[in-house]
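Now for the letters of each chain:
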Amino acid sequence: MSSLSPFYTLTSLKQTLLFDTRKGKPALAYWGEPIIDVNSLGNQFRDAEHIGLPALPAVPRSICLTPVLSEGFFGSPGLQVHRFDCSWDTNPTLIEVIEGPSSLEFGSRCDAHGIELHQRVHLNDADVIEFQTSLINRAASSLCVDSCSAITVGLPYDFNSILSLHGRWGLEFQPQRTVVGQGTFVIENRTGRTSHDSSPTMLIGDSNSSQNAGQVYGFHLGWSGNYQLRYEALATGQKAVQLGELLLPGEVILEPHETYVSPIAYLSFSNAGFNGLSQHFHAHVNAVLVGGSSNLNKPVHFNTWEALYFSHDLSRLFTLAERAAAVGAERFVLDDGWFKGRKSDQSSLGDWTPDPVKYPDGLKPLIDKVEALGMEFGLWVEPEMVNPDSDLYRAHPDWVLRPSSEDAALARHQLVLDIARAEVQEYLFQSVSDLLSQNRIAYLKWDMNRVIHQPTGQDGRPSVSRYVRSLYALLAKLRKAFPHVVIESCASGGGRADFGILRYTDRIWPSDSNDALDRLRIQQGFSYLFPVSVMGSHVGPRKCHLTGRELSMQLRAGVAMLGHMGIECDLTQLNDDELDTLKSALATYKHWRWLTMSGDFFRLEVDDSESACQFVAQDGSAVLVSYALLDSRRPILPRRLKLVGLEAAQAYQVELIWPVKNKFHDFCQEIISTPVMGEVLMQWGIELPRLLPGSIITFALRAAPSR
Ligand code: DGJ
């Protein structure tokens, strides 16, 4: 413990954070480009008192990490609590600061109200800052926590342009730009999971910020339950950003000496536009969140869902496994439909043993076959749910979340198990452990297919907060027991995609839509936060099941290879040409996956009718560039595609790698037959051929030896 200094700093090569504690509260007074002489920066700070604010108390200029109304902060309070005697007006004062090598912990107390507050800040090697707040009840009576944000920070005045990610089932992660004058922009989620509707993410720039330039601030809450993110432009001109769990009435009540710990808020700053910010988040995911389990050689999946749905039949499965192995799949994932009595989505969730009719000898014959073909075996589960038509529900109808006054409402014919109950946790741990210990399973697709809109627990209180913590605990326990098993987070597609769940899982299924054109937009939105190493991306059927659109294999495969590639269609329905194209796509993916999984990712600035991205190897030796034309809203002449992030004075040999054979090859080879300088590729670009809508084209660049 140190005695209090007026200022505390965290700094890296890319950003400086300066905390001002002179008002008895920690406030992030400066956050942005690195400042070497932080003392002279501190000397610039003036109190707002001397300005003489009309009809206002002497408000501090900097917004503290947990602001409250009684200090004269008129935005949303960072902490709202009350006791059963109705006392509520807490105002904690800083009493200690613990300094670590790249972290700070601010400890505050409000003796009058009997609470203690700890804000932990950690700036890590990926240039991501983790903020987390803990609240301890130090009094002898119960404390109701109405809200306790992970963090509140102020932003420079000009930062009023918010990029957020929204959508729906089958079309997640659609970027939206909102410019806020005075007033508030709020993202609220009450769906009980991260949601398809709004990602817990705000990326904030000024009017000049673009993909590759300008200063931008990123905010993400690592939480898979209800949340609230607010951007407030106050009358003072101050901009406050606040992130935290959204608590339902009476959801968190702290008994004496109990602690509430907020979810972790992940923040980052970049002066290299939204791409710079994304690269920080990607590095954080790869190095910290999935770091322990990450193998960047991501194996090609074959997933049975869109080929079979619930119609599992061992001989068809064997045929599919043979075809999958023949085209180059490396992991065979048995999706929904394998367990006892499961004929449709109307029954059997909860009964996690193989269906005795479909699998009379269990999963072993299929696993043996899959392994004999050189693939790993993966299995789909949805442990948090139960169908009323199941042995589990018949035995334990009281195990579900349900409102006190009425029956629980079904969604997708299923109910939500109250996984915060010890006996439910134990049942689920045992069921999944039995599957994993009795079968050779390398991978679990952990699904969750409904919202939680009646989250009442056994004690009559709201239970989303407890639910999410129990889910994390269950996953942590399973990972400890089965460290070799890779887990994917899926919730009807991308309904549970956040840094909270990624602490316990390795891959995310971003959408149920395998429509390659929609996927390009979904994947671009997804890329603001997540690296392609955690992004499942499958080649769907010729006629997309969600949109009815028919798309070529060249496009479907060309899009899937930009993520963690897989196949999710009936391989017995493909013609020879499609099979050949698919086979060469998998070979191309395998050849280049080292680069897509570990390179710096850039979204390229193109029009709405196009999509383009680029990967640059960490050592600069190779680059991949992909361009897709989504529709026909383009002028007659194709564009020149300008690249980014290259060495200006380096020559690059450019090669068309996808599609492998088509009429563009001659055109492209002609224009790229000799090495091209980086400065030319960045300022002039690559001349693209005239493409039909629904086409994708991918180039590889290799740094050429200097002549
Ligand atoms: C929703 C998932 O997103 C699909 O991929 C599939 O696994 C189904 N659930 C199975 O019920």
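Refer to the structure presented above.
This section reports on the structure supplied with the text. (Residues numbered from 1 in each chain as written. Predicted model: local features only at pLDDT ≥ 70, side-chain atom pairs only at ≥ 80, totals over all residues. Heavy atoms only, no water.)

Within the protein chain, the secondary structure is distributed over 13 helices and 38 strands. In terms of C-alpha radius of gyration, the protein chain reaches 27 Å, essentially the compact-globule figure of 27 Å for 707 residues. For the protein chain, the C-alpha atoms occupy an extent of roughly 75 × 75 × 40 Å along the three principal directions. Residue pairs at least 24 apart in sequence account for 69% of intrachain contacts in the protein chain once pairs closer than 6 positions are excluded. Per element, the accessible surface of the protein chain, about 26700 Å² overall, is 52% carbon and sulfur. Here the protein chain carries 62 positive and 79 negative side-chain charges, and the mean point of each set is 3 Å from the other. (Helix = DSSP H or I, 4+ residues; strand = E, 2+ residues; numbered from the N terminus. Rg over C-alpha atoms; globule rule 2.2 N^0.38 Å. Contact = heavy atoms within 4.5 Å. Areas by Shrake-Rupley, 256 points an atom, 1.4 Å probe, with all protein chains shown as cover. Lys, Arg positive; Asp, Glu negative; His and termini not counted. Charge placed at Lys NZ, Arg CZ, Asp CG, Glu CD.)

In this fold, Arg 331 is placed in strand β22 (residues 331–334). For Arg 331, a relative accessible area of 6% puts it in the buried group. Leaving out residues up to four positions away in the same chain, Arg 331 has contacts with Pro 299, Val 300, His 301, Phe 302, Met 375, Glu 376, Tyr 443, Val 486 and His 564. (Buried < 20%, exposed > 50% of the residue type's maximum accessible area, 1.4 Å probe, protein only.)

Around the ligand sit 13 residues, and of these Asp 335, Asp 336, Lys 445, Asp 447 and Asp 512 come closest. At 2.7 Å, a side-chain N or O of Asp 447 approaches a nitrogen atom of the ligand. One of the side-chain nitrogen or oxygen atoms of Asp 512 is found 2.2 Å away from an oxygen atom of the ligand. Its free accessible area being 290 Å², the ligand has 98% of it covered by the protein chains. Across the shell around the ligand, the residue classes tally to four nonpolar, three polar and six charged. (Near = heavy atom within 4 Å. Polar contact = N/O pair within 3.5 Å; in protein donor to acceptor, adjacent residues only side chain to side chain. Nonpolar A, V, L, I, M, F, W, Y, C, P; charged D, E, K, R; others polar.)

Moving on: the pattern of salt bridges. Tallying each qualifying case throughout the model produces 36 salt bridges. When the shortest N-O distance is used, the salt bridge between Asp 335 and Lys 445 registers 2.7 Å. With Asp 335 in the loop between β22 and α5 (364–372) and Lys 445 in strand β26 (residues 443–446), the pair connects residues that are 110 residues apart, well separated along the chain. Asp 335 sits in the buried class, given a relative accessible area of 2%. With its nearest N and O atoms 2.5 Å apart, the salt bridge here joins Arg 496 to Glu 384. Here the residue Arg 496 occupies a position in the loop between β27 (486–489) and β28 (507–508), and Glu 384 occupies one in the loop between β23 (376–381) and β24 (385–386), the gap between them amounting to 112 residues. (Salt bridge = Lys/Arg side-chain N within 4 Å of Asp/Glu carboxyl O.)

By size, the foremost hydrophobic cluster in this structure holds 165 residues, and its most contacted members are Phe 19, Trp 31, Trp 338 and Leu 571. Contact partners of Trp 338, with chain neighbours within four places excluded, come to His 312, Trp 352, Thr 353, Pro 354, Asp 355, Tyr 359, Leu 363, Leu 379, Trp 380, Val 381 and Leu 435. Judged by nonpolar contacts, the second largest core, of 24 residues, contains Leu 643, Val 654, Leu 681 and Leu 691. (Core = buried A, V, L, I, M, F, W, Y, C linked by side-chain atoms within 4.5 Å.)

Within the secondary structure, Leu 366 sits in helix α5. Along the primary structure Leu 366 and Phe 45 are separated by 321 residues, whereas in three dimensions their C-alpha atoms are 68 Å apart. Leave out the neighbours within four places in its chain, and Leu 366 touches Leu 314, Leu 317, Phe 318, Phe 332, Leu 334, Tyr 359 and Phe 377.

Bringing helix α2 (residues 273–289) into the picture now. The end-to-end C-alpha separation of α2 is 23 Å, in line with the 24 Å expected for 17 residues at 1.5 Å each. Summarising burial for α2: 13 of the 17 residues are buried, a large majority. (Expected span 1.5 Å × (residues − 1).)

This paragraph deals with unusual backbone geometry. Residue Pro 659 is reached from Trp 658 by a cis peptide bond, and omega for that bond is 0 degrees. One non-glycine residue, Tyr 309, lies in the positive phi region at around 45 degrees. In this structure Tyr 309 comes out as partly exposed when scored by relative accessible area, which is 29%.

Their axes nearest at 11 Å, the elements helix α7 (residues 422–438) and helix α8 (residues 464–481) cross at an angle of 35 degrees. Of the two elements, α7 crosses α8, and the hand of that crossing is right-handed. Seen from α7, the contacting residues are Gln 425, Glu 426, Leu 428, Phe 429, Val 432 and Ser 433; seen from α8, they are Ser 470, Leu 471, Leu 474, Lys 477, Leu 478 and Ala 481. Class assignment of the residues belonging to the contact of α7 with α8 gives a composition of seven nonpolar, three polar and two charged. (Axes fitted to C-alpha atoms, helices over the stretch in contact; angles between N-to-C directions. Left-handed = near helix turned anticlockwise from the far one by under 90°.)

This paragraph deals with the sheet that holds strand β1 (residues 7–11). With respect to topology, three strands assemble into an open sheet ordered β1-β2-β3, the strand pairing being antiparallel. The sheet is open, and its two edges are formed by β1 and β3 (27–32), each paired on a single side. Here the strands of the sheet are splayed against their neighbours by 15 degrees on average, with no regard to which way each runs. In this sheet, β3 lies alongside strand β2 (residues 16–20) in antiparallel orientation, the contact comprising five bridges. Bridged to Leu 17 within β3 is Trp 31. (Pairing = 2+ DSSP bridges.)

Attention now moves to helix α11 (residues 576–598). In an α-helix, one full turn covers 3.6 residues, which means residues spaced three or four apart are oriented alike. If you check α11, its first and last C-alpha atoms are 33 Å apart, about what 23 residues at 1.5 Å a residue would give, namely 33 Å. Of all the bends in α11, the greatest measures close to 60 degrees and is centred on Trp 592. Residue Asn 575 occupies the N-cap position of α11, its side-chain oxygen lying 3.2 Å from the main-chain nitrogen of Asp 577. (Bend = angle between axes of the 7 residues up to and from the residue.)

The four strands lie next to each other as β10-β17-β16-β13, forming an open sheet whose pairing is antiparallel. The open sheet has two free edges, formed respectively by β10 (151–155) and β13 (183–189), since each of these has just one partner strand. Geometrically, the sheet is characterised by an average inter-axis angle of 10 degrees between neighbouring strands, direction not taken into account. Pairing of strand β16 (residues 227–233) with strand β17 (residues 239–245), which is carried by seven bridges, proceeds in the antiparallel orientation.

It is worth spelling out the pairing of strand β12 (residues 171–179) at this point. Across a regular strand the side chains alternate sides, sitting on one face of the sheet and then on the other. Both strand β11 (residues 161–168) and β12 contribute to a ladder of seven bridges, which runs antiparallel. In the sheet register, His 166 faces β12, and the bridge partner there is Gln 174. Joining the antiparallel neighbours β11 and β12 is a turn of two residues, in which Gly 170 adopts a positive phi near 85 degrees.

A separate point is empty space enclosed by the protein. Taken as a whole and assessed by the stated rule, the structure comprises eight cavities of 30 Å³ or more. Its volume calculated, the largest cavity comes out at about 90 Å³. Together, Leu 520, Gln 523, Gln 524, Ser 527, Val 532, Met 535, Leu 562, Phe 601, Ser 611, Cys 613 and Phe 615 line the largest cavity. Those elements giving two or more residues to the lining of the largest cavity turn out to be α9 (516–526) and β32 (610–616). For the lining of the largest cavity, the residue count by class is seven nonpolar, four polar and no charged. (1 Å grid on protein atoms, 1.4 Å probe; cavity = no way out; pocket = protein on both sides within 12 Å on 5 of 7 lines; lining within 4 Å. Points joined across faces, edges and corners; volume = space filled by probe spheres on them.)

Along β11, six of the eight residues are buried, which leaves the element largely enclosed by surrounding structure. Two strands pair when backbone bridges link them, and β11 and strand β14 (residues 201–205) are joined in this way by three bridges, in the antiparallel orientation. Counted as the bridge partner of Leu 163 is Leu 203 from β14.

Right, let's talk about the environment of Phe 602 for a bit. Residue placement: Phe 602 occurs in strand β31 (residues 600–603). A relative accessible area of 11% means that Phe 602 is categorised as buried. Through-space distance from the C-alpha of Phe 602 to that of Ala 612 is 8.7 Å; in sequence the pair is ten residues apart. Other than its neighbours up to four places away in sequence, Phe 602 contacts Asn 212, Asn 275, Gln 279, Ala 612, Cys 613, Gln 614, Val 616, Val 644 and Gly 645.

A few words now on the packing of aromatic side chains. Inspection of every chain in the model, using the stated rule, returns 25 aromatic pairs. Their ring planes at 90 degrees and their centres at 5.8 Å tell us that Trp 223 and Tyr 472 sit as a pair that is edge-to-face. Residue Trp 223 is found in the loop between β15 (216–222) and β16, and its partner Tyr 472 is found in helix α8; the two are separated by 249 residues along the sequence. Each member of the pair, Trp 223 as well as Tyr 472, is classed as buried. Through a chain of ring-to-ring contacts, three or more aromatic side chains come together here, namely Phe 173, Tyr 266, Phe 281, Phe 499, Phe 526 and Phe 530. The side chain of Arg 603 reaches across the aromatic face of Tyr 528, ending 3.7 Å from its centre. (Phe/Tyr/Trp six-rings, centres within 6.5 Å; stacked < 30°, edge-to-face > 60°. Lys NZ or Arg CZ within 6 Å of the ring centre and 35° of its normal.)

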